[in-house]
Amino acid sequence: MANGHRLTTNGREQNPCSLLIRNGRIEALGEQADQAEVDQTIDATGCMVTPGFTDLCCNLREPGAGQKGNIASETRAAAKGGYTTVCAAPDSSPVNDSGAVTHLIREVAANRSPINVLPLGAATRGLEGELLSDMVGLSAAGCVALSNGMSTVRNARILRRAMAYAQTFGFTLMLQPRNHALAADGFAHDGMVTTRLGLLGIPEVAETAAVSEMLLLAEETGVRLHLSQLSTARSVAMVADARARGVLVTADVAMHHLVFTEQALGGFDSRFHVLPPLRTEADRQGLLAGVRDGVIDAIVSQHQPHDSAAKRAPLAATEPGLSSIESVLSLGLGLVQKGELSEAHLIAALTKGPATVLGLTDNTLSVGEVADICVIDTRATWTPTATNILSAGKHVPVTSRPLPGVVRHTLCAGKTAWALA
């Protein structure tokens, strides 16, 4: 807008003031912003105003899998959830293991997404864990990090080569730790629930063995390693120990692992067929402690939209993943209400933490910074339903009960990406 616009806050914030936004950046705060001539004023009275959220793991289903969603539908859902930046997982069809696919993702996002889309390139060709991808080419095409998505790198020699190659060029390597042989054909935590229901389980050691291997190889190669979607308390302790030794490792956890346990699968509820699996209450508490202590840097959505057919089958035959990006904030605020997480820790794990993992600096509400902003009414509630969920995937973690926190506005570079009608 020619004269920019102003976001005014008061009443609830620790330091209530106005923000002047012009040309996509925060131009002034406080009295100077109050006195400026503007075209539009956004009233955020009584709301919490934060930097826009950043998600390190979001499946946008494009290219390919159009029945499950696309960049337009899933980024619109992300904006509704308060996100201004999402990392597009490489698990697309075709896999994002070439500059051509990266350019396609960026082109579609530039035309159809209301928020920033940062592609993650595949660390190995086809995510098959056998041959290294063209990491340099992927980075040059616009990938912000290398990842093997939900696939494992089964060969330790290939994993070591990937780390050494990434370290040489200063790339961040994002890996979900899971020992393929130990996980086998399991799809739920190997514990009381799987025993009672007769399900194939994935033991804790399937993750911790992989974490141990990755940390040792990262220590040897010096790579900047990010462990994605930890699910066990012991993994958190191992990351803390590695950091104390000087290993360059960061980590994240999916919100649903902070909220739910293996008990969610007790009624054969296919929504909670996720990888890594939901684990025990002790693991949940360990993960929460990791967020509070800063060992876990970021909370991610691990958003995986599916068509209804993918979740309507015997539990073992369903596809893993939750449609979660619209409810991450609300689930987190639920933890705040229970006293399990502070509001400050929650917001930091959705904003500063993931931005730091990616090496981004424009992630504060300061003069000169990009105006990526989220306005949250923490006193309001909403109830997820099939009609008000914007994602193509309707298998959300919670249905038919009110959740705390409503995103009233999401601004990306000063432009409205989402506004509550």
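Here the structure is shown first, and the text comes after it.
Residues numbered from 1 in each chain as written. Predicted model: local features only at pLDDT ≥ 70, side-chain atom pairs only at ≥ 80, totals over all residues. Heavy atoms only, no water.

Visitor: Which parts of the structure should I look at to understand empty space enclosed by the protein?
Guide: By rolling a water-sized probe across the atoms, one finds the places where empty space is left. According to the stated counting rule, one finds 4 cavities of 30 Å³ or more in the structure shown. The computed volume of the largest cavity comes to approximately 140 Å³. In terms of lining, the largest cavity is formed by 19 residues, of which the most central are Cys-57, Ser-147, Gly-149, Ser-228 and Gln-229. When the residues that make up the lining of the largest cavity are grouped by side-chain class, the tally is 8 nonpolar, 9 polar and 2 charged. The volume enclosed by the second largest cavity comes to roughly 70 Å³. Lining of the second largest cavity is provided by Asn-59, Leu-60, Arg-61, Glu-62, Ala-88, Ala-89, Asp-91, Ser-92 and Ile-105. Split by residue class, the lining of the second largest cavity holds 4 nonpolar, 2 polar and 3 charged. (1 Å grid on protein atoms, 1.4 Å probe; cavity = no way out; pocket = protein on both sides within 12 Å on 5 of 7 lines; lining within 4 Å. Points joined across faces, edges and corners; volume = space filled by probe spheres on them. Nonpolar A, V, L, I, M, F, W, Y, C, P; charged D, E, K, R; others polar.)

Visitor: Would you explain the packing of helix α13 (residues 328–337) against helix α14 (residues 343–350) in this entry?
Guide: Describing two packed helices takes the angle between their axes plus the distance from one axis to the other. For the pair α13 and α14, the least separation of the axes is 9 Å and the interaxial angle reads 155°. Relative to α14, α13 is oriented roughly antiparallel. By crossing handedness, the relation of α13 to α14 is classed as right-handed. Here α13 contributes Val-328, Leu-329, Gly-332, Leu-333 and Val-336 to the contact with α14, which in turn contributes Glu-343, Leu-346 and Leu-350. Classifying every residue of the contact of α13 with α14 by side-chain character gives 6 nonpolar, 1 polar and 1 charged. (Axes fitted to C-alpha atoms, helices over the stretch in contact; angles between N-to-C directions. Helix = DSSP H or I, 4+ residues; strand = E, 2+ residues; numbered from the N terminus. Parallel < 35°, antiparallel > 145°, perpendicular 65-115°, else oblique. Left-handed = near helix turned anticlockwise from the far one by under 90°. Contact = heavy atoms within 4.5 Å.)

Visitor: Teacher, can you tell me more about the nonpolar core here?
Guide: Met-163, Leu-225, Leu-227, Met-255, Leu-258 and Ile-299 are the most contacted members of the largest nonpolar core, which has 93 residues in total. Discounting chain neighbours no more than four positions away, the residues touching Met-163 are Leu-173, Leu-175, Met-214, Leu-217, Ala-218, Thr-221, Val-223 and Leu-225. (Core = buried A, V, L, I, M, F, W, Y, C linked by side-chain atoms within 4.5 Å. Buried < 20%, exposed > 50% of the residue type's maximum accessible area, 1.4 Å probe, protein only.)

Visitor: Which parts of the structure should I look at to understand the pattern of salt bridges?
Guide: Any two side chains of opposite charge can pair, on the condition that their charged atoms come close. Per the counting criterion, the structure on display carries 13 salt bridges. Glu-219 is the partner of Arg-245 in a salt bridge, and the nearest nitrogen-oxygen pair spans 3.2 Å. You can see Arg-245 sitting in the loop between α9 (233–244) and β14 (249–254) and its partner Glu-219 sitting in helix α8 (residues 205–221), a full 26 residues away along the chain. On the basis of relative accessible area, Arg-245 is assigned to the partly exposed category, the value being 45%. For Glu-219, a relative accessible area of 37% corresponds to the partly exposed category. One salt-bridge network, held together by shared partners, links Lys-68, Asp-307 and Glu-319. (Salt bridge = Lys/Arg side-chain N within 4 Å of Asp/Glu carboxyl O.)

Visitor: How do you make sense of unusual backbone geometry when you look at a structure like this?
Guide: Both trends apply: most residues other than glycine have a negative phi, and most peptide bonds are in trans. Omega for the bond connecting Glu-62 with Pro-63 falls within 30 degrees of zero, at 10°, which places this linkage in the cis form. Position of Pro-63 among the secondary structure elements: in the loop between β6 (53–58) and α2 (71–80). Residue Pro-276 follows Leu-275 across a cis peptide bond; omega there is -5°. Backbone geometry at Ser-400 places phi at a positive 60°, although glycine is not the residue there. As for its position among the elements, Ser-400 is in the loop between β16 (373–382) and β17 (403–412).

Structural measurements only, silent on function.
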